[in-house]
Structures are given as C-alpha cells and as structure tokens.
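The primary structure of each chain is shown beneath.
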Amino acid sequence: MLDLKDKIKSLKKDLNALIVAHYYQRDEIVELADFCGDSLELAKRASSADNELIVFCGVSFMGQSVKLLSPKKRVIMPRLACCSMARMIDSSYFDKSIAKLESLGIEQSEIFPMTYINSNADVKAKVGKMNGVVCTSSNAAKIFDYALSLNKKIFFMPDRCLGVNLANKNHKKSSILGLSSDKTIKESEVICYDGFCSIHQLFSVSDIEFYREKYSDIIIVVHPECDPKVVDKADFSGSTSQIISFVANLPENAKVAVGTEFNLVNRLTKQNGNKENIFVLSSTKPECPTMNETSLEDLYNVMLSFKEDMPYNEVEVESDVIEYGARALNKMLELS
Ligand code: 13P
Ligand code: SF4
C-alpha cells in the first residue's frame, strides 16, 4: 500500500508537474518539493520551467506571480492561502493613496510606485500601469537604487517596514501614509503604505537585548520585514534564502538568533549540526498561519482532482491584470 508521500510522487510523475514550495512551508511539504526557495527564486524557477503544470505550495501572491510571468502555464495551489500583508492593499486602496498624494500637491508624474512582491496581482497591475516596478526582499536594494535614480518620490507598498528600511539604508527621508503628517509626507522622498507583516512584528529590540545580554558574541539575523529599529540593531538582514546561506557560512560554533518564520528557523537548527547555537529571536512562536495551512492531504487532493479533470484552486488572473502586472514584474527581472 502506497503512503501519501508515494501517492503524491506518483501523481507528480503522471501529471509531469513541478512542485515548488516556499521555505516557510511545513517540513513534509518542503521534503516533497522539486524546488524550494525565496519569493524571487520561486517566481523565476517556476515560470521558466518546462513543466506546463506548477503546483505551488505557498501563499496566493506567489502563485499569481508565476501566472503573470508565464500565463500559459497552469498553476494550482493546495491551499489558496493569503499573505495577510498582501491583503492590506488592493487596487482601490492604491487609487485612494495616489489621490491622497495628489491632494497634497504631489503630481502623478512625480510618483514612482514600487510594490513588494507580497501584493496581489491587481496591485502589481496598477503599479505596472504607472510604469512602476516590483521588488522582493532579495533584490530590494538594487531595485531601490534604480528607483532613486529616477529622482521622483517613491511610493512603496505594502510593507512600511521594508520601505523605511530601504530609505534608512540610503539616508532618505521617509513617511507612512495614514501615520505621518501631511507636512512630513510632502517633504519625504520615500512614502510608504501602512502595511506590515504581523509575524515579523513579533521580533523586538528587547528580544535582541535579551540575547546580547545572555551571549555577548551572538549574531542577530533578521528578515527586512522586521521593524526598522530591529533591522538597525541586527548584524544581517536578508531574504529567506540569504538568511539560510548567511547562517550556513557562519563558523561552526557561532551563536545566532534568527528573526523570521518558525519553520525556516527550526529547519536551520536541524541542518546546521549544532542545534543549541541557533535560536528563534522571539519568546512567541513566530508562525505564519497561512503558510502553515498546506498539508500533505491538500497537496494530494489538489493533484488528484486535477488528474481527474476536476481542477480546483487554480490560479486565474484577468488578461488586463496580466498585461500590466507582468510589466512591473518583468521590469524587476530586467533590473535584478
Ligand atoms: P522571501 O522573499 O524572503 O522568501 O520572503 C517572503 C515572505 O513572505 C517573508 O515573510
Ligand atoms: Fe505574508 Fe508575513 Fe506570512 Fe510572509 S510571513 S507570507 S509576509 S504574512
């Protein structure tokens, strides 16, 4: 009798599917995936694969990115799980934000929109229509340099933390829509939307102080979705892939506290021999609930139904959204 994992492997073969998974997925999903990566790597790898069918284990904006870059592919997701940050902005909030900036005397021609990949396709399309660009946590610095070179006001969405972190690194004045005064917004070079990741908000300066007091030589590694005060005090910040390679390259006995999703950090402790030296930078378990939704049963069921010609959880994006969303995503790929 085949177990569930064997059944999934057999379905994968029958369907000639590529299974991709984000690093925050549960271990059993990561084990079965053909490819595991950060958002940029997943978008590139899945959209350029020979396979016509992509089974995407992650959150919705990730599956949508594949569809935007490679519309002929069929993309199914075991769960249509949502990134809570991506849900904080939609096309109507985008329009309202631009209208607010215009009401402050900032003309559309002066605004360069830049969206984090953690946004839905309709927002990427709005950004593409205004000739803006997408970025991910791994290429944000490079894309931001390009945006700065245009000498416009950068409207960064949805993650206020990543936006402010980028502005701080480049010594640019930033503000947050809805939080900063009109005067500050008008004066700033980087205007951020007020979105955030609730999981990465869990890591605090006091967590860093706690670990530094306990171990004077500890290295603090965080994701750039963390609060700017946390990123400022950390030794390294980077995308999930960049965090994994940074930790892998540390000396064997180095002590490190990592500020990102629990599944990734827990896997790091298993992969890097000396378990006792890798810590989660929080007293609260930083689990992304929607990333954790996908189970082996979900993966099996979605593939079986596809095989039986009853597909569900298939990623669909309207053609005009594809056109402009792809424009913003492709601009990112050209620049990175
Ligand atoms: P990465 O692109 O670094 O994998 O980040 C995705 C994400 O959602 C982090 O919370
Ligand atoms: Fe979204 Fe945060 Fe989960 Fe990443 S960890 S997918 S940003 S909710």
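Being a predicted model, the structure only gives us computed values, none of them experimental.

J.: Just to check I follow, could you spell out the environment of Lys129 for this structure?
T.: Along the chain, the position of Lys129 falls in helix α6 (residues 121–129). Along the primary structure Lys129 and Gly325 are separated by 196 residues, whereas in three dimensions their C-alpha atoms are 8.0 Å apart.

J.: Where do I start with the packing of aromatic side chains in this structure?
T.: To describe a pair of aromatic rings, you give the distance between the ring centres and the angle between the ring planes. Going through the model one piece at a time under the given rule, you end up with six aromatic pairs. Arranged with centres 6.1 Å apart and planes meeting at 45°, the rings of Phe94 and Phe155 form a pair that is tilted. Of this pair, Phe94 sits in helix α5 (residues 91–103) while Phe155 sits in strand β7 (residues 153–157); the two residues are 61 residues apart in sequence, bridging distant segments of the chain. Considered together, Phe94 and Phe155 belong to a single accessibility category, that of buried residues. An aromatic cluster is present here, built from Phe210, Tyr211, Tyr215 and Phe279 joined pairwise through their rings. Cation over ring: Lys285 sits above Phe262, and NZ or CZ is 4.7 Å from the ring centre.

J.: Please clarify how the sheet that holds strand β13 (residues 278–280) should be interpreted in this entry.
T.: Working definition: the strands of a sheet are paired by backbone hydrogen bonds and lie parallel or antiparallel to each other. The parallel open sheet is built from four strands, whose spatial order is β11-β10-β12-β13. Looking along the sheet, the strands with just one partner apiece sit at the ends: β11 (236–237) and β13. Relative to β13, strand β12 (residues 256–259) runs parallel, the two sharing three bridges. Of the residues in β13, the one forming a bridge with Val258 is Val280. On the sheet, helix α12 (residues 240–248) packs against β10 (219–222), β11, β12 and β13 and is oriented at approximately 160° with respect to β10.

Conventions and cut-offs
Residues numbered from 1 in each chain as written. Chains lettered and ligands numbered in written order. Predicted model: local features only at pLDDT ≥ 70, side-chain atom pairs only at ≥ 80, totals over all residues. Heavy atoms only, no water. Helix = DSSP H or I, 4+ residues; strand = E, 2+ residues; numbered from the N terminus. Phe/Tyr/Trp six-rings, centres within 6.5 Å; stacked < 30°, edge-to-face > 60°. Buried < 20%, exposed > 50% of the residue type's maximum accessible area, 1.4 Å probe, protein only. Lys NZ or Arg CZ within 6 Å of the ring centre and 35° of its normal. Pairing = 2+ DSSP bridges. Contact = heavy atoms within 4.5 Å. Axes fitted to C-alpha atoms, helices over the stretch in contact; angles between N-to-C directions.

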